[in-house]
Amino acid sequence: MKLQKRERQARLSSLLEENPLLTDGDLAEHFGVSVQTIRLDRMEKGIPELRERLKDVAVRSLDDVKSLPIDEVIGDIIDIELDKRAVSVFDVTKDHVFQRNGIARGHHLFAQANSLAVAVIDDELALTAQSSLNFIKPVRAGERVIAKAAVRPGDRPRRTVVEVISTVGDEPVFTGTFEMYRTHESGKEGHS
């Protein structure tokens, strides 16, 4: 049974507040309506399209980033809690893939993960000292890569480890462990 328009629009707003990454296609499938119906619902409710929602979330999330200028982050950071976790989104275009086979060049996936690992560090300077990478599955143009970073203490002074898992949909496509050098010890007094 399909929802009435007002109920669908109310649930649409709630869903997008919980997860701003949902596409119009995802929403259409969820509600059992056409993509055009979702677009009309969004317009009537004043809800921006996905790209604008991502920009809004990214701007709010990036106020705290200390370790690199925002224009050096590869992808859009949509959630970040310094020294704990972060999430970024990278839309793969034809400019990011090999012409011959349509597969994304690995350095783009690495750059998204590495810049997220740097950004999540609560320090003025964070450098990648060492990394271990695993490319699991090819990524193609038109796919959205979501990278999730989790921070844990390192084994040595001024080192922090950031584990990154990148997925397309629910499928892991890349993992990376980044040992990060930082100028201050994590959680020490006098460090802001």
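Scroll up to find the structure.
Residues numbered from 1 in each chain as written. Predicted model: local features only at pLDDT ≥ 70, side-chain atom pairs only at ≥ 80, totals over all residues. Heavy atoms only, no water.

**Student:** Sorry, what's going on with the overall build of the protein chain here?
**Tutor:** When its secondary structure is counted, the protein chain shows five helices and six strands. Element order for the protein chain, N to C, with α for helix and β for strand: α-α-α-α-β-β-α-β-β-β-β. Counting across all 192 residues of the protein chain, residues that qualify as buried make up 42%. Residue pairs in contact within the protein chain that sit at least 24 positions apart in sequence constitute 60% of those at least 6 positions apart. Of the roughly 11,300 Å² of accessible surface on the protein chain, 48% is carried by carbon and sulfur atoms. (Helix = DSSP H or I, 4+ residues; strand = E, 2+ residues; numbered from the N terminus. Buried < 20%, exposed > 50% of the residue type's maximum accessible area, 1.4 Å probe, protein only. Contact = heavy atoms within 4.5 Å. Areas by Shrake-Rupley, 256 points an atom, 1.4 Å probe, with all protein chains shown as cover.)

**Student:** Help me out: how do you make sense of the packing of aromatic side chains in this one?
**Tutor:** To describe a pair of aromatic rings, one takes the distance between the centres and the angle between the planes. Evaluation of the coordinates by the stated rule reveals two aromatic pairs. Between F110 and F178, the aromatic rings sit 5.9 Å apart at their centres with planes inclined by 45 degrees, giving tilted as the arrangement. Residue F110 is found in helix 5 (residues 106-119), and its partner F178 is found in strand 6 (residues 171-182); the two are separated by 68 residues along the sequence. When the ring of F135 is compared with that of F174, the centres are 5.0 Å apart and the planes differ by 65 degrees; the resulting orientation is edge-to-face. With F135 in strand 3 (residues 126-135) and F174 in strand 6, the pair connects residues that are 39 residues apart, well separated along the chain. Assessed through its relative accessible area of 42%, F135 is described here as partly exposed. On the basis of relative accessibility, which here comes to 0%, the residue F174 falls in the buried class. Over the ring of F98 we find R105, and its NZ or CZ is 5.2 Å from the ring centre. (Phe/Tyr/Trp six-rings, centres within 6.5 Å; stacked < 30°, edge-to-face > 60°. Lys NZ or Arg CZ within 6 Å of the ring centre and 35° of its normal.)

**Student:** Would you take a moment to explain the nonpolar core for this structure?
**Tutor:** Looking at soluble globular proteins, one finds that nonpolar side chains tend to be buried together. The biggest cluster of nonpolar side chains holds 30 residues, and the ones touching the most others in it are V139, V145 and V162. Where this core is concerned, the elements lending two or more residues are strand 1 (76-81), strand 2 (85-91), helix 5, strand 4 (144-153), strand 5 (159-168) and strand 6. For this core, the leading source of residues is helix 5, giving six residues. When near neighbours in sequence (up to four residues on either side) are disregarded, V139 contacts V92, G102, I103, A104, L109, V145, V168 and V173. Counting residues in hydrophobic clusters, the runner-up holds ten residues, among them L22, A28, F31 and I38. (Core = buried A, V, L, I, M, F, W, Y, C linked by side-chain atoms within 4.5 Å.)

**Student:** Could you clarify how one ought to interpret the pattern of salt bridges in this entry?
**Tutor:** Should the charged atoms of two oppositely charged side chains come close, the side chains can pair. Counted according to the given criterion, the structure contains 13 salt bridges. Its salt-bridge partner being D83, residue R182 comes within 3.0 Å of it at the nearest N-O pair. With R182 in strand 6 and D83 in the loop between strand 1 and strand 2, this pair connects stretches of sequence that are 99 residues apart. Residue R182 shares its accessibility class with D83, and that shared class is buried. One connected set of salt bridges, linked through shared partners, spans D24, R39 and R42. (Salt bridge = Lys/Arg side-chain N within 4 Å of Asp/Glu carboxyl O.)

**Student:** Would you take a moment to explain the side chain of S166 for this structure?
**Tutor:** Of note, S166 is situated in strand 5. Accessibility expressed as a relative area gives 1% for S166, which makes it buried. Excluding anything up to four places from it in sequence, S166 contacts Q112, V145, I146, A147, E171, P172, V173 and F174.

**Student:** What is the right way to look at the environment of T23 in this model?
**Tutor:** Mapped onto the elements of the fold, T23 is located in the loop between helix 1 (5-18) and helix 2 (24-31). The class for T23 is partly exposed, based on a relative accessible area of 24%. Sequence-distant contacts of T23, defined by excluding residues within four places in its chain, comprise L50 and R144. A polar contact of 2.9 Å, which involves the side chain of T23, links it to the backbone nitrogen of D26. (Polar contact = N/O pair within 3.5 Å; in protein donor to acceptor, adjacent residues only side chain to side chain.)

Read these as spatial facts, not as claims about activity.
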